[in-house]
Every structure is written in structure tokens, then in C-alpha cells.
Amino acid sequence: MTPHILLAEAQKSAEVTDWPARIGWLVGLALFIALVYWLMREGWKWRGTLQNDLPALPSAPEETGPAKLGMSGRYHGSTTAGQWLDRIVAHGLGTRSRVELTLTDQGLEVERPGATDFFVPTAALREARLDKGIAGKVLTEGGLLVVTWAHGDKLIDSGFRSDHSAEHTEWVDTLNKMINDTEGVR
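Just so we're clear, the structure is a prediction, and the values are computed from it rather than from any experiment.

Reading the values: rules and limits
- Residues numbered from 1 in each chain as written.
- Predicted model: local features only at pLDDT ≥ 70, side-chain atom pairs only at ≥ 80, totals over all residues.
- Heavy atoms only, no water.
- Helix = DSSP H or I, 4+ residues; strand = E, 2+ residues; numbered from the N terminus.
- Buried < 20%, exposed > 50% of the residue type's maximum accessible area, 1.4 Å probe, protein only.
- Contact = heavy atoms within 4.5 Å.
- Pairing = 2+ DSSP bridges.
- Axes fitted to C-alpha atoms, helices over the stretch in contact; angles between N-to-C directions.
- Patch = residues over 30% accessible without salt bridge, like charges linked within 9 Å, V, L, I, M, F, W, Y side chains within 5 Å.
- Areas by Shrake-Rupley, 256 points an atom, 1.4 Å probe, with all protein chains shown as cover.
- Salt bridge = Lys/Arg side-chain N within 4 Å of Asp/Glu carboxyl O.
- Polar contact = N/O pair within 3.5 Å; in protein donor to acceptor, adjacent residues only side chain to side chain.

J.: Could you clarify how one ought to interpret the overall build of the protein in this entry?
T.: Helix and strand counts for the protein stand at 3 helices and 9 strands. Counting from the amino terminus, helix and strand elements in the protein follow one another as α-α-β-β-β-β-β-β-β-β-β-α. Here the protein, with 186 residues, has 35% of them falling under the buried criterion. Once local pairs closer than 6 in sequence are excluded, the contacts in the protein between residues at least 24 apart make up 62%.

Structural data, given as C-alpha cells:
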């Protein structure tokens, strides 16, 4: 046999894993992830503190009348009107959730299981449009129903996506007709 083969048979393979170094890296990575999560949570709470001047959300009146339209889908959040990345988190408006929308002559009722429900009176409605994004959620062109409404001295855009996106156009038309009829009365 050649000396190289004998040398290869005689040597023992070196340990592949350096466990203390590997555990140190894993602990360091876990601490880094925890720090990033904590900073994100603190930023969310700070944003809510800055938006503390926003009044409490109105709740639906006892009797809202018959429903003109109904929709189930997703609530994607609310932003300052015209600024699609300026998310509003005060009073739970930043929490994404399932949603049941009901439009009546009294206004828009927003029911969100697991999150704060709210009501937008007809007089507070300003505009409805189809858009492609709001506060970190981007969809195809026209994939999002955005309703602009006044709350206190602030204009708010709220984004909704129906389970059946074909309903969006009917919602935009009906809401804008209601808004124009209300403005004619003012």
C-alpha cells in the first residue's frame, strides 16, 4: 500500500461542530430578533400615543334602518387621508381583521370580530374610491375599496377588500351617490 492510503486510514476525522460557538450564535440571533420585535412594538405604542388626540370612535345607533348594501371581507387599516403610508393605530384602527360592512341611510357600520367596531355617519362620509394600496397592503389596481371619512378634525381613509371584489364598484357608486345627495342637503 502507498503511504498516503495508510495515512488516511490511520487519522480520525476532526469534530465538525463547535457546540459552544453554535449555541452562542443561536442565543445572539434570538436576542436580536427579540430586540427588533420589542422595538416594533414600542414604535406601534408610540404612534398610538401621538394619535391620542383622535376622538373615540362612534358606535352604531340602535336603529340604523334597512341595509342598502352588505359586504364581508377584510379590513386592512386606516390612514390619514391622502397619505397611504401614515397608518392610524389609535382606537384599534390599525388592527387588520375580518369585517362585515353594512351601508344604511344612517351611515356605514363596520363590524370587526376581535377588534373595535365603529360607525361612520352619513354626514361624515367624504369619498369612496378603488385603489391599490393602504398602509403596507398593496393589491392589484382597483383591488381595495377606500372610504374617506371625517372624524373630529381629521380626514381618514379606511381600506376594505371584499371576499368578492366585483362588489367594489357597486359600493363606490352607492357611497358616492349618498355623499353627493348629503352634500346637496347641507
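Right, picking up where we left off after that structure.
J.: Any chance you could explain the sheet that holds strand β2 (residues 97–103) here in plain terms?
T.: Strand pairs in the sheet, formed through backbone hydrogen bonds, run parallel or antiparallel to each other. Pairing is antiparallel in the open sheet, where 7 strands are placed in the order β4-β3-β2-β1-β9-β8-β5. Bordering the open sheet on either side are β4 (118–121) and β5 (125–131), each of which pairs with just one other strand. With strand direction ignored, the average angle separating the axes of adjacent strands in the sheet is 30°. Across 6 bridges, β5 lies against strand β8 (residues 144–151) in antiparallel orientation. Residue pairing across strands places Leu-125 opposite Trp-149, the latter belonging to β8.

J.: Got a minute to help me understand a nonpolar patch on the surface in this structure?
T.: The grouping of Leu-29, Phe-32, Ile-33, Val-36 and Met-40 at the surface amounts to a nonpolar patch, some 500 Å² of accessible area in total. Along the chain, Ile-33 falls in helix α2 (residues 19–50).

J.: What is the right way to look at the pairing of β8 in this model?
T.: Along a regular strand, successive side chains alternate from one face of the sheet to the other. In terms of burial, β8 is a largely internal element, 8 of the 8 residues being buried. Here β8 shows two buried faces, one formed by Leu-144, Val-146, Thr-148 and Ala-150 and the other by Leu-145, Val-147, Trp-149 and His-151. Pairing between β8 and strand β9 (residues 154–162): 7 bridges, direction antiparallel. Of the residues in β9, the one forming a bridge with Ala-150 is Leu-155. The hairpin formed by β8 and β9 contains 2 residues between the paired strands, and Gly-152 there has a positive phi angle of roughly 65°.

J.: Is there a simple way to think about the environment of His-151 in this case?
T.: Among the secondary structure elements, His-151 is positioned in strand β8. With a relative accessible area of 6%, His-151 lands in the buried category. Note: C-alpha distance between His-151 and Pro-121 (30 residues apart in sequence) is 9.8 Å. At 3.3 Å, the side chain of His-151 forms a polar contact with the backbone oxygen of Ala-56.

J.: It is not clear to me how the pattern of salt bridges should be interpreted in this structure. Could you clarify?
T.: If you walk through the whole model with that rule in mind, you get 7 salt bridges. Of the charged contacts, one joins Lys-45 and Glu-42 as a salt bridge, the two residues approaching to 3.2 Å between their closest N and O atoms. Of this pair, Lys-45 and Glu-42 both sit in helix α2, 3 residues apart, which is roughly one turn of that helix. Given a relative accessible area of 41%, Lys-45 falls into the partly exposed group. Notably, a salt bridge pairs Glu-127 with Arg-129, separated by 3.8 Å at the nearest N-O pair. On the basis of relative accessible area, Glu-127 is assigned to the partly exposed category, the value being 35%. Bridged by salt links that share partners, the residues Glu-127, Arg-129, Asp-131 and Asp-157 form one connected network.

Any functional reading would require information that these geometric values do not contain.
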